[in-house]
Amino acid sequence: MDAVLKNRIKTLEHLCYIIECLSLDYAGEAKYELSKLVESVREDTTRPHDELASQLAAALSELESGQTSGVGHLSSISRRLWRPVMEALNEGH
């Protein structure tokens, strides 16, 4: 498995945890973890993540202002991140 795919899976795992926190109404934990994820994505040097970091930061801003649309945006980001992972896995079979 290449580094980009591993990195994407790591990001997805973190994002799933954040969505789980939100579903359990642990908003404080979710916001904290999302801010950590934004920083992690911004610091990743394996490939440019400007768009992903911006999308995650926008979702964080929405959550911090009490907008529930942030949860939907996180789900959407998750689905977009999964597509290439699933394609890579399907190519292996």
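See the structure shown above.
Reading guide: rules and limits
Residues numbered from 1 in each chain as written. Predicted model: local features only at pLDDT ≥ 70, side-chain atom pairs only at ≥ 80, totals over all residues. Heavy atoms only, no water. Helix = DSSP H or I, 4+ residues; strand = E, 2+ residues; numbered from the N terminus. Salt bridge = Lys/Arg side-chain N within 4 Å of Asp/Glu carboxyl O. Buried < 20%, exposed > 50% of the residue type's maximum accessible area, 1.4 Å probe, protein only.

1. Topic: unusual backbone geometry
Point 1. Of note in this structure, Asp25 is not a glycine but carries a positive phi near 65 degrees.
Point 2. Residue position: Asp25 is located in the loop between helix 1 (3-23) and helix 2 (27-43).

2. Section: the pattern of salt bridges
Point 1. Per the counting criterion, the structure on display carries 2 salt bridges.
Point 2. Between Lys36 and Glu33 there is a salt bridge whose closest N-O contact spans 3.5 Å. Within this pair, Lys36 and its partner Glu33 are both found in helix 2, separated by 3 residues, close to a single helical turn.
Point 3. Given a relative accessible area of 9%, Glu33 falls into the buried group.
Point 4. Of the charged contacts in the structure, one is a salt bridge between Glu39 and Arg42, with a shortest N-O distance of 3.5 Å. Here Glu39 and its partner Arg42 are both found in helix 2, 3 residues apart, which amounts to about one turn of the helix.
Point 5. On the accessibility criterion, Glu39 (39% relative accessible area) is partly exposed.

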